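Each chain is listed here by its residues.
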Amino acid sequence: MSFTEHAISAALATIIDPNTGKDFVSTRGLKQIKIDGNNVSLDIELGYPAKSQFARIAKLLSDALHALPEMGKVEVNVVSKVVPHAVQRGIKLIPKVKNIIAIASGKGGVGKSTTAVNLALALAAEGATVGLLDADIYGPSQPQMLGLSGRPETTDGKSLEPMRAHGLQAMSIGFLVDQETPMVWRGPMVTQALQQLLNDTRWKDLDYLIVDMPPGTGDIQLTLAQQVPVTGAVIVTTPQDIALLDARKGLKMFEKVGVPILGIVENMSMHICSNCGHAEEIFGSGGGARMAADYSVELLGQLPLDMAIRQQVDSGCPTVVADPDGRVAEIYKTIARRVAVKLAEQAKDHSAKFPTIKIQNT
Ligand SMILES: Nc1ncnc2c1ncn2[C@@H]1O[C@H](COP(=O)(O)OP(=O)(O)O)[C@@H](O)[C@H]1O
Ligand SMILES: [Mg+2]
Ligand SMILES: [Zn+2]
C-alpha cells in the first residue's frame, strides 16, 4: 500500500511543537512530504533557532508516523530559518540585520548587560547568527563582558568591522573611546553616536541584533525606541519594588512607540549561597510575575543572584559559554528560545517585497 499525503499530514497535525505549543501543519512548519511506497520523508522548517531541539522534534514526528499501520522507513529533516519581522511603522530595517531585540530596564545595575550578553550567546548556541550592540554610551560594559579590547577595523575609513568574540559580532562605544575618560554627552550627541554605531557597522547577515539599551526612560531612550527599527523588547528587572517601578516605565515607553514587549526577565530573583546552595529571597519574590500579569506579558524566566554569574561575565566569559550545560545556562537558553519563538509569531516584514512608492507632483 501507499500512504496519501492527506493521511500523513492528518497524523502530523496531532503533534504539538513543545516550543510553540502549536502543531507543525497549521503553523506551516511542515514544508514537504515525500511518499515512496511505505516510506515517508518530511521537511520541517522552524521559525526560530533550535539546534538543540532538532533531534527531539524529529523523534516526535517520526514516532507519530511509525504509529501508522504498515509504515516503512521515516526520515524527518528539521531546519531553522529566521526571517525579518515587522518593526515600528515608517521605519526601515537596517541592511544585513533581520531582527533587532532591545534589552531594556528602567534602572541601571539590574543586570541588563549580563542578560543581554547571555541571551545573545544562547541564541548563537542554537545556531543563529547574532550581533550585540552595546548602546549604553555612558557605561559600556560589553567589551569587558566579551573579553574584548582593541579597536574595530575599518576598510574605507567610514564603516566599522564588528569585533568578534565567542561567535558573536559586537560593537560598543567602549571600543572607540578611552574607557578611563569620563564622557560628557548631550542628548542629541548620544542618539547620533548610537545611530552611527548601529548603521556604520558592517554587520554580517544577522538573524538577531541584541541591543543593550542605556538605562533610564528619558529623552535619549525614547528617541532610540522611536528611531531604531526594533522587532521586540525584553524588559529586565529585579524583584524589588523600586526596580519594578522603573521597569514598568520602560515597558510603557516601548508600548507607546509600538514596539511589542516579548516578555520580562526577573534577575537576581533569589540568592543561591555559594557555600551550601540554599536559596534566599533577598529582594522579595513574585515582583516579575506580578508585573507580567499586570501588563499581560510573559514572564520569560528568573535568574538567581549567583556569584558565578558575576564572576563569569565580569571576566569576559559569560555563563552560557563558561558553563554551557549548567543550570543557569539552561535558564538563559530557555529564555532565549521563548524570545525567538515569540518573535517568530510576530507579523513578518514585507517592506523589502514592495517597491518604494514615490508620489510626484506634475
Ligand atoms: N544574576 C546575577 N547574579 C549575580 N551577579 C549578577 C547577576 N546579574 C548581574 N550581576 C552582576 O551585577 C552587576 C551589574 O550587572 P549589569 O549587567 O552590568 O547591570 P546593568 O547593565 O543593568 O547596569 C555586574 O557586576 C554583574 O556581573
Ligand atoms: Mg549595563
Ligand atoms: Zn549557605
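Here is what the cut-offs are and how they apply
- Residues numbered from 1 in each chain as written.
- Chains lettered and ligands numbered in written order.
- Predicted model: local features only at pLDDT ≥ 70, side-chain atom pairs only at ≥ 80, totals over all residues.
- Pairing = 2+ DSSP bridges.
- Helix = DSSP H or I, 4+ residues; strand = E, 2+ residues; numbered from the N terminus.
- Axes fitted to C-alpha atoms, helices over the stretch in contact; angles between N-to-C directions.
- Core = buried A, V, L, I, M, F, W, Y, C linked by C-beta atoms within 7 Å.
- Buried ≥ 20, exposed ≤ 12 C-beta atoms within 10 Å, placed from the backbone.
- Domains from an automatic or database assignment.
- Arc of directions from axis to C-beta.
- Contact = placed C-beta atoms within 7 Å.
- Near = placed C-beta within 6 Å.
- Nonpolar A, V, L, I, M, F, W, Y, C, P; charged D, E, K, R; others polar.
- Parallel < 35°, antiparallel > 145°, perpendicular 65-115°, else oblique.
- Left-handed = near helix turned anticlockwise from the far one by under 90°.
- Expected span 1.5 Å × (residues − 1).

1. Some thoughts on the sheet that holds strand β7 (residues 168-172)
Read from one edge to the other, the open sheet built from 8 strands follows the order β6-β7-β5-β8-β4-β9-β10-β13, with strand pairing classed as mixed. The outermost strands of the open sheet, each flanked by one partner alone, are β6 (163-165) and β13 (299-302). Across the sheet, the mean angle from the axis of one strand to that of its neighbour is 25°, orientation sign disregarded. Strand direction decides the pairing type here: strand β10 (residues 261-266) and β13, joined by 3 bridges, are parallel. Residue pairing across strands places Glu 266 opposite Gln 302, the latter belonging to β13.

2. Observations concerning the nonpolar core
Counting residues in each nonpolar core, the largest one holds 102 residues, and the members touching the most others are Ala 120, Ile 210 and Val 211. Two domains each provide a minimum of three residues to this core, namely domain 1 (5-80) and domain 2 (97-345).

3. Section: helix α6 (residues 219-227)
Three or more residues of α6 are buried, namely Ile 220, Gln 221, Leu 224 and Ala 225. Projected down its long axis, α6 carries its buried residues within an arc of 130°, all on one side. Where α6 is buried, its residues contact α5 (187-199) and α7 (241-256).

4. Topic: the site of ligand 1
Contacts to ligand 1 come from 18 residues, most closely from Gly 111, Lys 112, Ser 113, Thr 114 and Arg 310. Secondary structure elements with two or more residues in the shell around ligand 1: α3 (112-125) and α9 (307-314). It is α9 that provides the largest number of residues to the shell around ligand 1, a total of 4 residues. When grouped by side-chain class, the residues that make up the shell around ligand 1 number 6 nonpolar, 8 polar and 4 charged.

5. Looking at the domain arrangement of the protein chain
Interfaces are often sized by the amount of accessible area the parts lose when they come together. We note that the domain assignment places domain 1 (5-80) and domain 2 (97-345) within the protein chain. Of note, the centres of domain 1 and domain 2, computed from C-alpha atoms alone, are 35 Å apart. Every contact between the two is made by 9 residues of domain 1 and, on the other side, 9 residues of domain 2. Here the side of domain 1 that touches domain 2 is built from residues that sort into 3 nonpolar, 5 polar and 1 charged.

6. Comments concerning the packing of α7 against helix α8 (residues 287-295)
Put simply, α7 and α8 touch, their axes get as near as 11 Å, and they point 30° apart. With respect to their mutual orientation, α7 and α8 come out roughly parallel. The handedness of the crossing between α7 and α8 is right-handed. Residues Asp 241, Leu 244, Ala 247, Arg 248 and Leu 251 of α7 lie in contact with α8, whose contacting residues are Gly 287, Met 291 and Tyr 295. Broken down by class, the residue content of the contact of α7 with α8 amounts to 5 nonpolar, 1 polar and 2 charged.

7. Some points on the pairing of strand β5 (residues 130-134)
Of all the 5 residues making up β5, 5 are buried; the element is thus mostly covered by neighbouring parts of the structure. Burial along β5 is two-sided: Val 130, Leu 132 and Asp 134 facing one way and Gly 131 and Leu 133 facing the other are all buried. Note that β5 and strand β8 (residues 206-212) share 5 bridges and pair parallel. Residue pairing across strands places Leu 133 opposite Val 211, the latter belonging to β8.

8. A short note on α5
The end-to-end C-alpha distance of α5 is 18 Å, a good match for the 18 Å that 13 residues give at a rise of 1.5 Å each. Here α5 has its buried residues at Val 190, Thr 191, Leu 194, Leu 197 and Leu 198. Each buried residue of α5 lies within a common arc of 125° when the element is viewed along its axis, so the set occupies one face. On its buried side, α5 packs onto β5, β7 and α6.

9. Some thoughts on the packing of α5 against α6
Remark: α5 packs on α6, axes separated minimally by 9 Å, with the N-to-C direction vectors making an angle of 35°. Taken as a pair, α5 and α6 cross one another with a handedness that is right-handed. Contacts between α5 and α6 involve Gly 187, Val 190, Thr 191, Leu 194 and Gln 195 from the first element and Asp 219, Ile 220, Thr 223, Leu 224 and Gln 227 from the second. Classifying every residue of the contact of α5 with α6 by side-chain character gives 4 nonpolar, 5 polar and 1 charged.

10. Description of the sheet that holds strand β3 (residues 74-80)
Taken together, the 3 strands give an open sheet; going across it, the order is β1-β2-β3, and neighbouring strands pair in mixed fashion. Where the open sheet ends on each side, the last strands, each with one partner, are β1 (30-36) and β3. With strand direction ignored, the average angle separating the axes of adjacent strands in the sheet is 10°. Pairing of strand β2 (residues 39-46) with β3, which is carried by 7 bridges, proceeds in the parallel orientation. Along β3, the bridge assignment pairs Val 40 with Val 74.

11. A word on the environment of Ala 292
Among the structural elements, Ala 292 can be located in helix α8. Here Ala 292 falls in the buried class, since 20 other C-beta atoms lie within 10 Å of it. Along the backbone, Ala 292 and Val 265 are 27 residues apart, and their C-alpha atoms lie at a distance of 9.5 Å. In contact with Ala 292, other than residues within four places in its own chain, are Ile 264, Val 297, Glu 298 and Leu 299.

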